[in-house]
Each structure stands twice: as C-alpha cells, then as structure tokens.
Amino acid sequence: ERLSHFDLLVLFVVWASAAILPAIKVYGLAFPEGELSGWVKKISRFAFVPFVLLGIWTLAHLDVGDLSFQFYRESSILNGGCGMVILIGGTLHAGFLFSWIRRGATTSPMRAGAWAAISTASFISFIVQFACANENPIHVVIWHFTPLLLLTGVAALSARRLLRW
C-alpha cells in the first residue's frame, strides 16, 4: 500500500514534531531556570502528543499478515537497517546530550535522561524516514519504535547515575 501525498505530509509534520518537542522538553528539564518563554514551556508539556498520533496512525494502517516478512527483511545485524541506524545514531547523540545536560541543574535526572533518549531517537528516526522507502506500519513499529523504546529505557535507568551533580 502506497501512501498518498497528504499522508506523507502529515507523517512528515508529526515526525518533525516528534523530533523537536522532546528537544524543547529536555532543555526545560536540564535548565529549569532557563530562558524558555511562557508559550514554549506550555508547548513542551505536549511533547508526548506526536508519539500518540504516530501510534494511532500505525494502528489504523496495521496489517499483521506482513509481520514475518518485515521482521526477516532487516533482521540481519550486518544489514545495517533502520533499527540499527536509529539505535547507534541515537546512542551517539544521546551521549552528547547527556554531557550537555550535566552542565545544567536538572532536578529530575531520570526524566531528563528518558526525554533526551526520546529526543535523539526521534530525531534519528525523522532523518531515517528520508532514506527509508518502507512505509509499512509493521516496519515502523519493529524497526523505528522499538529502538526508540529500548534507548529510552536504557537512558532513563542510566541517567540516575550519569546526570548527578
């Protein structure tokens, strides 16, 4: 099933929002006394919304009959498919973000670490969308969302130790 131009535009806007809003949230958590204006702070409260919209869109277009093919297609570690690119790119970028957050005065290291991972994995996923020709929702769930969730969990657990000051 090919997506219409409207669907592609909507997905582009939602993925872009998923890349930008968590970054704003991370800044607000890292520097609570920062210079975020009032409307930016209000927008950062809705950083989870793009992920809810992506989840709803994915569920609406889901066809589980394609599960085995989508899993097999990119399951080789040497393939360097979307999941591996998102996981490695997100990990590298999260490392830079963690070092930046340490310069701030975060009062909630677990939340800051989790949102940092979400921000980086979302940004990498957004970039991968340009190179990934596979629009299948099963592919997006397995190879785009799963690395994001894995990276978020690891970052949240390690942030408690890494983001102390």
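We now turn to the structure provided with this report. Predicted model only: the values in this text are computed from it and were never measured.

### Here we look at the overall build of the protein chain
- Looking only at helices and strands, the protein chain features 7 helices and 0 strands.
- Overall, the protein chain shows an N-to-C arrangement of helices and strands of α-α-α-α-α-α-α.
- Residue pairs at least 24 apart in sequence account for 83% of intrachain contacts in the protein chain once pairs closer than 6 positions are excluded.
- Looking at the protein chain as shown, the accessible area adds up to about 9,700 Å², and 69% of this sits on carbon and sulfur atoms.

### Brief notes about the layout of surface pockets
- The calculated volume of the largest pocket comes to roughly 280 Å³.
- Around the largest pocket, the lining is made up of 15 residues, and of these Leu8, Leu11, Trp15, Gln129 and Glu135 lie nearest the centre.
- Elements with a minimum of two residues in the lining of the largest pocket: α1 (5-30), α3 (49-60), α6 (109-131) and α7 (137-162).
- Considering each element in turn, the lining of the largest pocket owes the most residues, 4 residues, to α1.

### Here's the deal with α7
- End to end, α7 covers 35 Å across 26 residues, agreeing with the expected 38 Å (1.5 Å per residue, within 8%).
- Where α7 bends most, the angle comes to about 35 degrees, and this point is phenylalanine 145, followed within four residues by the proline proline 147.

### Concerning the packing of α6 against α7
- Look at α6 against α7: their axes get within 7 Å of each other, and the N-to-C directions meet at 155 degrees. Considering their axes alone, α6 and α7 lie roughly antiparallel with respect to each other. Between α6 and α7 the crossing geometry is right-handed. Here Pro109, Met110, Gly113, Ala114, Ala117, Ile118, Thr120, Ala121, Ser122, Ser125, Val128 and Gln129 of α6 lie close against α7, whose contacting residues are His144, Leu148, Leu151, Thr152, Ala155, Ala156, Ala159 and Arg160.

### Considering the nonpolar core
- Counting 30 residues, the largest nonpolar core has Trp15, Val26, Leu54, Ile101, Trp115 and Ala116 as the members making the most contacts within it.
- Elements represented by at least two residues in this core include exactly α1, α3, α5 (82-101), α6 and α7.
- The leading source of residues in this core is α1, at 10 residues.
- Within the second largest apolar cluster, 8 residues are counted, among which are Cys82, Ile86, Cys132 and Ile142.

### Quick word on a nonpolar patch on the surface
- Side chains of Leu9, Phe12, Val13, Phe123, Ile127 and Phe130 sit close together on the surface and give an oily, nonpolar patch of about 580 Å² of accessible area.
- Elements supplying a minimum of two residues to the nonpolar patch: α1 and α6.
- For valine 13, the location among the structural elements is in helix α1.
- Among the residues examined, valine 13 registers a relative accessible area of 45% and is labelled partly exposed.

### Thoughts on the environment of aspartate 66
- Relative to the assigned elements, aspartate 66 resides in the loop between α3 and α4 (67-73).
- On a C-alpha basis, the gap between aspartate 66 and proline 137 in space is 9.6 Å, while along the polypeptide they are 71 residues apart.

### A few points about the packing of aromatic side chains
- Taken as a whole and assessed by the stated rule, the structure comprises 1 aromatic pair.
- Summarising the aromatic geometry, the rings of phenylalanine 12 and phenylalanine 126 are spaced 5.4 Å apart at their centres and angled 45 degrees between planes, so their arrangement reads as tilted. Linking phenylalanine 12 in helix α1 with phenylalanine 126 in helix α6, this pair joins segments that are 114 residues apart in sequence.

### Points about the side chain of serine 119
- By the secondary structure assignment, serine 119 is in helix α6.
- If near-sequence neighbours (up to four positions away) are discounted, serine 119 is found in contact with Ala19, Pro22, Ala23, Val26 and Leu97.

### Looking at the packing of α3 against α7
- Here α3 crosses α7 at 150 degrees, and the two axes come no closer than 10 Å. Relative to α7, the element α3 lies roughly antiparallel. Crossing angle aside, the handedness with which α3 passes α7 is left-handed. Across the interface between the two elements, Phe51, Leu54, Trp57 and Thr58 of α3 pack against Pro137, Val141, Phe145 and Leu148 of α7.
- Here the residues of the contact of α3 with α7 are counted per class, giving 7 nonpolar, 1 polar and no charged.

Rules and cut-offs
Residues numbered from 1 in each chain as written. Predicted model: local features only at pLDDT ≥ 70, side-chain atom pairs only at ≥ 80, totals over all residues. Heavy atoms only, no water. Helix = DSSP H or I, 4+ residues; strand = E, 2+ residues; numbered from the N terminus. Contact = heavy atoms within 4.5 Å. Areas by Shrake-Rupley, 256 points an atom, 1.4 Å probe, with all protein chains shown as cover. 1 Å grid on protein atoms, 1.4 Å probe; cavity = no way out; pocket = protein on both sides within 12 Å on 5 of 7 lines; lining within 4 Å. Points joined across faces, edges and corners; volume = space filled by probe spheres on them. Expected span 1.5 Å × (residues − 1). Bend = angle between axes of the 7 residues up to and from the residue. Axes fitted to C-alpha atoms, helices over the stretch in contact; angles between N-to-C directions. Parallel < 35°, antiparallel > 145°, perpendicular 65-115°, else oblique. Left-handed = near helix turned anticlockwise from the far one by under 90°. Core = buried A, V, L, I, M, F, W, Y, C linked by side-chain atoms within 4.5 Å. Buried < 20%, exposed > 50% of the residue type's maximum accessible area, 1.4 Å probe, protein only. Patch = residues over 30% accessible without salt bridge, like charges linked within 9 Å, V, L, I, M, F, W, Y side chains within 5 Å. Salt bridge = Lys/Arg side-chain N within 4 Å of Asp/Glu carboxyl O. Phe/Tyr/Trp six-rings, centres within 6.5 Å; stacked < 30°, edge-to-face > 60°. Nonpolar A, V, L, I, M, F, W, Y, C, P; charged D, E, K, R; others polar.

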